[in-house]
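Understanding the architecture of this molecule
Here's the letter readout for the chains.
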Amino acid sequence: MEYSTFGRHVAVDTWGGNIDLLNSAELLQSHMVEAAEACGATVLSVQAKQFEPQGATVLVLLSESHISIHTYPERGFAAIDCYTCGETVDPQLAIDYLVNVLKPEKTYAKKLIRGLGEMEVVEPMMKQVELVK
């Protein structure tokens, strides 16, 4: 069996999100696993680090690649990215889920199309998603 090298990598900077959420590695971890499930990805493991006096980093390792977040609550900032290989999992769905959870005032996003030669950068369509409860 031959595998495709095609992948999509969505990176988003958010500003003005929920400060309490941005400062909780535990809550972020839970939401990121839900985001992975919402896009149909397979979670392999999760690493989370709560920083003092504030901030968090969470990495969700996926069978398809990864979702990560790095937060700076004192600035209201989060850097989120999701990269997935293949065509069956759409990283944009995970990003949309997380943006809806964080409720930032501003978002800046780019999507890289990878694995087809020269990387293509596109403006992703950000949309509201229904949160899983």
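Residues numbered from 1 in each chain as written. Predicted model: local features only at pLDDT ≥ 70, side-chain atom pairs only at ≥ 80, totals over all residues. Heavy atoms only, no water.

Now for the UniProt feature "modified residue: Pyruvic acid (Ser)" (unreviewed entry) in the protein chain. Mapped onto this numbering, the UniProt entry gives "modified residue: Pyruvic acid (Ser)" (unreviewed entry) at Ser65. Looking at the secondary structure, you find serine 65 in strand 4 (residues 65-72). With relative accessibility at 17%, the residue serine 65 sits in the buried group. Every residue in contact with serine 65, bar those within four places of it in the chain, is listed here: Val60, Tyr83 and Thr84. (UniProt positions renumbered as here; feature names shortened; annotations may be inferred. Helix = DSSP H or I, 4+ residues; strand = E, 2+ residues; numbered from the N terminus. Buried < 20%, exposed > 50% of the residue type's maximum accessible area, 1.4 Å probe, protein only. Contact = heavy atoms within 4.5 Å.)

With that settled, the discussion passes to the nonpolar core. Considering soluble globular proteins, one finds that nonpolar side chains tend to be buried as a cluster. Judged by nonpolar contacts, the single largest core of 29 residues is most densely connected at Ile67, Ile69 and Leu102. Looking at this core, the elements with two or more residues in it are strand 1 (7-15), helix 1 (19-22), helix 2 (25-38), strand 3 (56-62), strand 4, strand 5 (77-85) and helix 3 (91-102). Considering every element that reaches this core, the biggest residue donor is helix 3, with seven residues. Look past the residues within four positions of isoleucine 67 in its chain and what remains in contact with it is Met32, Ala36, Val58, Leu59, Val60, Leu62, Asp81, Cys82, Ala94 and Leu98. (Core = buried A, V, L, I, M, F, W, Y, C linked by side-chain atoms within 4.5 Å.)

Under the defined criterion, the tally for this structure stands at two aromatic pairs. For the ring pair tryptophan 15 and phenylalanine 77, a centre distance of 4.5 Å and an interplane angle of 45 degrees mean the geometry is tilted. One end of the pair, tryptophan 15, is in strand 1; the other, phenylalanine 77, is in strand 5, with 62 residues separating them in the sequence. Ring geometry for tyrosine 72 and phenylalanine 77: centres 5.9 Å apart, planes at 40 degrees, overall tilted. For tyrosine 72, a relative accessible area of 42% translates into the label partly exposed. Looking at phenylalanine 77, the relative accessible area reads 12%, which means it is buried. (Phe/Tyr/Trp six-rings, centres within 6.5 Å; stacked < 30°, edge-to-face > 60°.)

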